[in-house]
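Okay, here's what each chain looks like letter by letter:
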Amino acid sequence: MNAPMGLRERKKQRTREAISDAAITLFLEHGFDQVSVADIAAVAEVSKPTLFKYFPTKEDLVVHRFADHLAESGTVVAERAPGVSAIDALHQHFLDGLAARDPITGLSDDEGVLAFHRLVYSTPSLVARVGQHLAQAEDVLAGALKDALDPDRDITPALLAGQVVATQRVLASVNWQRVVAGRSADEVHPEAVADADHAFALLRHGLAGARSAGRA
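This structure is a prediction, so every number in the text was calculated from the model and none was measured.

A. A look at helix 10 (residues 185-205). Relative to the 30 Å expected for 21 residues at 1.5 Å per residue, helix 10 spans 29 Å between its end C-alpha atoms, a close match to the ideal helical length. Along helix 10, the positions that sit buried rather than exposed are Ala 185, Val 188, Ala 192, Ala 196, Ala 199, Phe 200 and Leu 203. Buried-residue contacts for helix 10 involve helix 6 (86-99) and helix 9 (156-180). Backbone geometry just downstream of helix 10 places Gly 206 in the positive-phi region, at approximately 65°.

B. Representation of the packing of helix 4 (residues 60-67) against helix 7 (residues 111-121). It is at 11 Å that the axes of helix 4 and helix 7 come closest, and there the two elements cross at 110°. As summarised for this structure, helix 4 and helix 7 are arranged roughly perpendicular, according to the angle between their axes. For the pair helix 4 and helix 7, the crossing hand works out as left-handed. Taken together, the residues of helix 7 that come into contact with helix 4 (itself represented by Val 62, Arg 65 and Phe 66) are Phe 116, Leu 119, Val 120 and Tyr 121. Looking at the contact of helix 4 with helix 7, its residues break down into six nonpolar, no polar and one charged.

C. Quick peek at helix 9. Look at helix 9: 36 Å from first C-alpha to last across 25 residues, which is about the 36 Å you get at 1.5 Å a residue. With its phi angle positive at about 115°, Gly 182 sits one or two positions after the end of helix 9.

D. Local environment of the environment of Thr 75. One can find Thr 75 in helix 5 (residues 72-78). Between the alpha carbons of Thr 75 and Val 120 there is a distance of 26 Å; along the sequence they are 45 residues apart.

E. Local environment of the pattern of salt bridges. Enumeration over the complete set of coordinates arrives at eight salt bridges. Between Arg 183 and Glu 187 there is a salt bridge, with the nearest N and O atoms lying 3.4 Å from each other. Of the charged contacts, one joins Arg 183 and Glu 191 as a salt bridge, the two residues approaching to 2.2 Å between their closest N and O atoms. Here the salt bridges do not stand alone but share partners, grouping Arg 178, Arg 183, Glu 187, Glu 191 and Asp 195 into one network.

F. The arrangement of the UniProt feature "domain: HTH tetR-type" (unreviewed entry) in the protein chain in detail. Mapped onto this structure's residue numbering, the UniProt feature "domain: HTH tetR-type" (unreviewed entry) falls at residues 13-73. Taken end to end, residues 13-73 has its terminal C-alpha atoms 23 Å apart, with 70% of it in helix and 0% in strand.

G. Broad picture of the domain arrangement of the protein chain. Splitting the protein chain by domain gives domain 1 (1-55) and domain 2 (58-207). For domain 1 versus domain 2, the distance between C-alpha centres works out to 25 Å. At the interface, 15 residues of domain 1 touch 14 residues of domain 2. Counting the surface lost from both domain 1 and domain 2, the interface buries some 1,200 Å², and carbon and sulfur atoms represent 71% of this. Contact with domain 2 buries area across many residues of domain 1, yet Ile 24, Phe 32 and Phe 55 alone supply 47% of it, more than any other trio. The interface formed by domain 1 and domain 2 contains one salt bridge. Inspection of the domain 1/domain 2 interface yields four residue pairs in polar contact (both at pLDDT 80 or more). Contributions of two or more residues to the side of domain 1 that touches domain 2 are made by helix 1 (7-30) and helix 2 (37-44). In terms of residues, the side of domain 1 that touches domain 2 owes the most to one element, helix 1, which gives eight residues. Residues belonging to the side of domain 1 that touches domain 2 are distributed by class as follows: 11 nonpolar, one polar and three charged.

Each value, and the rule that gives it
Residues numbered from 1 in each chain as written. Predicted model: local features only at pLDDT ≥ 70, side-chain atom pairs only at ≥ 80, totals over all residues. Heavy atoms only, no water. Helix = DSSP H or I, 4+ residues; strand = E, 2+ residues; numbered from the N terminus. Expected span 1.5 Å × (residues − 1). Buried < 20%, exposed > 50% of the residue type's maximum accessible area, 1.4 Å probe, protein only. Contact = heavy atoms within 4.5 Å. Axes fitted to C-alpha atoms, helices over the stretch in contact; angles between N-to-C directions. Parallel < 35°, antiparallel > 145°, perpendicular 65-115°, else oblique. Left-handed = near helix turned anticlockwise from the far one by under 90°. Nonpolar A, V, L, I, M, F, W, Y, C, P; charged D, E, K, R; others polar. Salt bridge = Lys/Arg side-chain N within 4 Å of Asp/Glu carboxyl O. UniProt positions renumbered as here; feature names shortened; annotations may be inferred. Domains from an automatic or database assignment. Buried area = accessible area lost by both parts, 1.4 Å probe. Polar contact = N/O pair within 3.5 Å; in protein donor to acceptor, adjacent residues only side chain to side chain.

Given below as structure tokens:
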């Protein structure tokens with residue numbers, strides 16, 4: 001359980017959120033490449049050194065929302081209930097995210113979320129930065145899986161982590177495409193759940209499951 005933040009930590013968190021909110025508002029209004037760090041610092045009423053203390057790069061002003069989820073899958077595995085497999089815990093966590101319309105699952109029709117999504121995936125440098133965070137998420141998950149599985153081969157946790165992160169990314173991308181096409185999150189939800197169930201079944205059973213599903 002996380003300890004409550006002290007006054008200083010809460011103040012730093014508010015400053016971080018204010019800087020990011022100012023940046024994203026400017027990016028949405030004018031475009032990522034048309035807004036400078038100086039512009040953001042002025043609107044957020046902080047100095048450029050202060051801004052860079054919270055966000056090392058301009059891209060991090062946006063994609064920290066992905067970075068904040070970086071350790072999430074690893075935490076799910078590490079803190080799963082006794083007797084629950086790592087894949088089952090990750091599966092249930094993704095289903096819970098769909099039910100909550102968590103943007104990280106791609107199942108959100110909130111206009112602000114959709115605008116944020118368009119900003120990220122229409123900006124090459126942001127897409128590249130998201131990819132870096134996904135690679136870090138794989139590393140964190142691989143560490144948790146190594147502790148959970150005690151595998152015979154050293155490469156196994158990294159292989160599994162790559163498959164899990166890729167699966168979550170594809171599921172989210174398909175959900176986004178459906179919502180961007182004009183469908184509501186509530187309408188898409190049953191399909192998203194069915195897709196997640198199928199995807200995690202493949203993770204459990206591999207190609208044997210794919211062949212079996214193809215013959216059914």
